[in-house]
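Each chain, letter by letter, is given below.
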Amino acid sequence: MENSVITVRGLCKSYKKHEVLHDFSLSVERGHICGLIGPNGAGKTTVMKILGGLIMQSRGDMEFFGSAEGLDKSRDRMSFMIEQPVIASAMTARNNLEYIRILRGYPDDRRVNEVLDLIGLSGTGKKTADKFSLGMKQRLGIGMALLPKPEIMVLDEPVNGLDPEGIVEVRQLILRMAEEWGVTVLISSHLLSELSELCTDFSIISHGELVENLSREELLVRCRGHIAVRTDDINRTAAVLEDRLSISDYKVIHGEEIHIFEKLGDVKHISKTLTDSGLVITRLCEEGQSLEDYYLEKVGDRNE
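Rules used in this analysis
Residues numbered from 1 in each chain as written. Predicted model: local features only at pLDDT ≥ 70, side-chain atom pairs only at ≥ 80, totals over all residues. Heavy atoms only, no water. Helix = DSSP H or I, 4+ residues; strand = E, 2+ residues; numbered from the N terminus. Buried < 20%, exposed > 50% of the residue type's maximum accessible area, 1.4 Å probe, protein only. Contact = heavy atoms within 4.5 Å. Areas by Shrake-Rupley, 256 points an atom, 1.4 Å probe, with all protein chains shown as cover. Lys, Arg positive; Asp, Glu negative; His and termini not counted. Charge placed at Lys NZ, Arg CZ, Asp CG, Glu CD. Salt bridge = Lys/Arg side-chain N within 4 Å of Asp/Glu carboxyl O. Polar contact = N/O pair within 3.5 Å; in protein donor to acceptor, adjacent residues only side chain to side chain. Phe/Tyr/Trp six-rings, centres within 6.5 Å; stacked < 30°, edge-to-face > 60°. Lys NZ or Arg CZ within 6 Å of the ring centre and 35° of its normal.

Undergrad: Any chance you could break down the overall build of the chain for me, citing the residues and the numbers?
TA: For the chain, the count of helices and strands is 11 helices and 13 strands. Seen through its principal axes, the chain has C-alpha atoms that stretch 75 × 45 × 35 Å. Across the 304 residues in the chain, those meeting the buried criterion constitute 48%. A separation of at least 24 residues holds for 68% of the contacts in the chain among residues at least 6 apart in sequence. Put simply, the chain shows about 15,100 Å² of open surface, and 48% of that area lies on carbon and sulfur atoms. Counting 37 positive and 48 negative side-chain charges, the chain places the averaged centre of each group 6 Å from the other.

So, in structure tokens, the structure goes:
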């Protein structure tokens, strides 16, 4: 894609005879927040380590900023936080950032104050990092990656292990740096509900293979609104939907609930027809499919 700042095609990675990544492709557009979705062990960290140059792919091509040449030089325009942020626990937030500023050769020391304000740690003073909460450490790690003004940030499970308050803090930070500073973000997580509120694009990975790439708009279309129905006899409910209501666009979920994808404005008529047929309705409501539901549907179909 013309506006892509990260492009990978056919990435494979094997350790001896075990292939952990197979034919994986990904495109991240400038200014977007792309979520790499999958459970632990799906291959997310392997993809990010290859992008960061920490390990080499067995096969496949990779481009940064539209070029496959000089990848290491291109990485100077990027920052990575893979697995856990590397923080000097005996140092303050300011000292950790100052160390990174010197290490990365960033000349303007005013940048440290700017980042401290952005990540919400300007008031920590002489408090050392070993006394920080996990959420504060994650924000400091993101701040250290953000300090040299990268165009792209690659964040591996930045909300892993955080409590709800910490998750909200990190989410707001990522949104701010994308919206206010124009940073392109590739973020991985197994917390799909969190990514659904954050990302503009999604890449679904399972067992080291790409399942699907899709935009937020495409996800919203595919996570269609539906009427969720539970009764005392799910099989007879399906028969009534087909025979008496002429509904064919529905799906039985885990053998206990039916999602109806048509006649969404006829909830009262559907309810009356089911009741008149002698069925006891235990749940009937309009809702939308969640990202978790969509992911499990796609991965389940693939595994089968």
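Undergrad: Help me get a handle on the pattern of salt bridges, residues and values and all.
TA: If you walk through the whole model with that rule in mind, you get 19 salt bridges. Taking the shortest distance from any N to any O, the salt bridge between Arg-77 and Glu-151 comes out at 2.7 Å. Separated by 74 residues along the polypeptide, Arg-77 in the loop between helix H2 (71-74) and strand S5 (78-81) and Glu-151 in the loop between helix H5 (134-146) and strand S6 (152-156) bring together distant segments of the chain. Glu-151 sits in the partly exposed class, given a relative accessible area of 27%. Bridged by salt links that share partners, the residues Arg-230, Glu-256, Glu-257, Arg-283 and Glu-287 form one connected network.

Undergrad: I'd love a proper account of the side chain of Thr-184, names of residues and values included.
TA: Here Thr-184 lies in strand S7 (residues 184-189). Judged by its relative accessible area of 1%, Thr-184 falls in the buried class. Here Gly-31 takes part through its backbone nitrogen, which lies 2.7 Å from a polar atom of the side chain of Thr-184. With residues up to four places along the chain from it excluded, the contact list for Thr-184 reads Val-5, Val-28, Glu-29, Arg-30, Gly-31, His-32, Glu-151, Ile-152 and Met-153.

Undergrad: How would you explain the packing of aromatic side chains if you had to name every residue and give the values?
TA: For the structure shown, the criterion picks out zero aromatic pairs. The cationic tip of Lys-13 hangs over the ring face of Tyr-15; the distance from NZ or CZ to the ring centre is 5.1 Å. Above the face of the Phe-65 ring, Arg-77 is positioned so that its terminal group lies 3.6 Å from the ring centre.

Undergrad: Hey, could you go over the environment of Asp-108 for me, with residue numbers and the actual values?
TA: With respect to the secondary-structure elements, Asp-108 resides in the loop between helix H3 (93-103) and helix H4 (110-119). Accessibility expressed as a relative area gives 25% for Asp-108, which makes it partly exposed. A C-alpha to C-alpha distance of 9.7 Å links Asp-108 and Pro-148, two positions 40 residues apart in sequence. A distance of 3.0 Å separates a polar side-chain atom of Asp-108 from the backbone nitrogen of Arg-110.

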